Amino acid sequence: MELVESRKQVPDLIFLPSVDSTNLELERRLQTGAPDYTVLVAAEQTAGLGRLGRSWVSQPGASLSLSVLLGPMAPEVASLSTLLAATAVHRALSGNYPNAKFEIKWPNDILVGGKKVCGILATLKSERVILGIGVNLQTQAGTPDTATSLSELGPTSFDVTLAAILRELNQLLFTSEPAARSAMEYLRANCITLDSQVRAQLPDGSEILGLATAITDLGLLVIEGNETVELAAGDVWHLRN
Ligand code: BT5
C-alpha cells in the first residue's frame, strides 16, 4: 500500500500487510532498538489484542490497525495516553465525517450511533507506552453487535483515515502543555461517560454503581455512588436511566 497522505505525516512509517498484532510487533521491535515515535501500521491482524486478554477483530481490507511507540513516561501518565489518543482519533474522524456525531466512551472507545468504531489499547513496556489504535473501516464478520464501521457513514479510505489520525497525534504529541490541557477539555466535552449513570468494575473485582461526575487531569474517572472512587482503568457500563 502506498499511503501517500499518511507518509506526509510520518514519512518513515512501517506498513505490514499482515501481522499478529501491531502492539506485539512494536514490542518486539522495541526490544531490538526501535526508536521512540516509531509508527507501525497493518492492514490485517491475525491475533489483534483488546484489553484484559480480549481479542480485537481486524480483517484485511476492512480494518486499520496502528501502533505508536511513545517515549519514556511515568505509569500515571501512561493511562492518560489512552485518553489523549481517543481525543486525537475523535478529532480525526469528526473531521473526515463532519455529519456524524462521534463520542468517546471512557477510557478507550470511540462510538458512533452508540456503537464502537474504534478501540484503543495502551501497553507499558520498559517505561515506554505502546499506543495501539484499531479502526473499523468496513463491517467485519466476527465482531459483536456493539460494533460499527466507517462504511456506515460514507466512503472509507485506509490512507485518508490513517493520515487524519497521524496528523492529530502529531499535534498532540509534539506540542506544548496548553495543547494537552485543551485536549482534556475536548475530551470532557465529547465523553458520553461523563454525567452518565454507570456500573464499573474496580481493580479488586468489586463493582460500584454511581454517577460519573468528572475526569481528572490525570484521566481518572470519578464515580460517585455509595462511596466516591477515582478509577484509573477498567470496564465501565453505561446504565439506561
Ligand atoms: C479494545 O479492547 O477496544 C482495544 C482494541 C485495540 C485494538 C488495537 S489495533 C492496533 C493495536 N494492536 C493490537 O493488537 N491491538 C491494538 P476492549 O475494550 O477490551 O474491547 C475488546 C472487545 O471489543 C472484544 O471483547 C469484543 O467484544 C469487541 N470487539 C472485538 N473486535 C472488535 C471490532 N473490530 N470492533 C468493535 N468491537 C470489537
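Now for a description of the structure that goes with this document.

Procedures and definitions
Residues numbered from 1 in each chain as written. Predicted model: local features only at pLDDT ≥ 70, side-chain atom pairs only at ≥ 80, totals over all residues. Heavy atoms only, no water. Near = heavy atom within 4 Å. Polar contact = N/O pair within 3.5 Å; in protein donor to acceptor, adjacent residues only side chain to side chain. Areas by Shrake-Rupley, 256 points an atom, 1.4 Å probe, with all protein chains shown as cover. 1 Å grid on protein atoms, 1.4 Å probe; cavity = no way out; pocket = protein on both sides within 12 Å on 5 of 7 lines; lining within 4 Å. Sits in = over half its atoms within 2 Å of the grid points. Helix = DSSP H or I, 4+ residues; strand = E, 2+ residues; numbered from the N terminus. Phe/Tyr/Trp six-rings, centres within 6.5 Å; stacked < 30°, edge-to-face > 60°. Buried < 20%, exposed > 50% of the residue type's maximum accessible area, 1.4 Å probe, protein only. Lys NZ or Arg CZ within 6 Å of the ring centre and 35° of its normal. Points joined across faces, edges and corners; volume = space filled by probe spheres on them. Pairing = 2+ DSSP bridges. Axes fitted to C-alpha atoms, helices over the stretch in contact; angles between N-to-C directions.

## Focus: the site of the ligand
Part 1 of the reasoning: If you check the shell around the ligand, you find 28 residues, and the closest are S21, L49, R54, K116 and N136.
Part 2 of the reasoning: A distance of 3.5 Å is found between a nitrogen atom of the ligand and a backbone nitrogen or oxygen belonging to N23.
Part 3 of the reasoning: Computed on the free molecule, the ligand has an accessible area of 790 Å², of which 91% lies beneath the protein chains in the complex.
Part 4 of the reasoning: In this structure, the ligand is accommodated by the largest pocket.
Part 5 of the reasoning: Sorting the residues of the shell around the ligand by element identifies α2 (22–31), β3 (45–49), β4 (55–58), β5 (63–72), β8 (115–125) and β9 (128–136) as the ones contributing at least two each.

## Thoughts on the packing of aromatic side chains
Part 1 of the reasoning: For the structure on display, the rule yields one aromatic pair.
Part 2 of the reasoning: With centroids separated by 6.1 Å and ring planes inclined at 90 degrees, the aromatic side chains of F15 and F158 adopt a geometry described as edge-to-face. Of this pair, F15 sits in strand β1 (residues 14–16) while F158 sits in helix α4 (residues 158–173), placing them 143 residues apart in sequence. The pair F15 / F158 is uniform in exposure class, with both members buried.
Part 3 of the reasoning: Across from the ring centre of Y186, 4.4 Å away, lies the NZ or CZ of R91, which sits over that ring.
Part 4 of the reasoning: Seen from the ring of W237, R199 lies directly overhead, with NZ or CZ sitting 4.3 Å from the centre.

## Observations regarding the layout of surface pockets
Part 1 of the reasoning: Counted as a void, the largest pocket has a volume near 880 Å³.
Part 2 of the reasoning: As for the largest pocket, its lining consists of 40 residues, and the residues nearest its centre are R54, W56, D109, K116 and T146.
Part 3 of the reasoning: Counting only elements with at least two residues in the lining of the largest pocket, the list comes to α2, β3, β4, β5, β7 (109–112), β8, β9 and β14 (236–238).
Part 4 of the reasoning: Looking at which element gives the most residues to the lining of the largest pocket, the answer is β8, with five residues.

## Observations regarding the sheet that holds β14
Part 1 of the reasoning: A sheet is described by the order of its strands in space; here five strands give the open sequence β13-β12-β11-β10-β14, paired in antiparallel fashion. Each of the sheet's edge strands pairs with one partner strand only, and the pair in question is β13 (228–231) and β14. For this sheet the average axis-to-axis angle between neighbouring strands, irrespective of direction, equals 40 degrees.
Part 2 of the reasoning: Looking at chain direction, strand β11 (residues 207–215) and strand β12 (residues 221–224) are connected through four bridges and run antiparallel. Each residue of the ladder has a partner; that of A212, found in β12, is I223.

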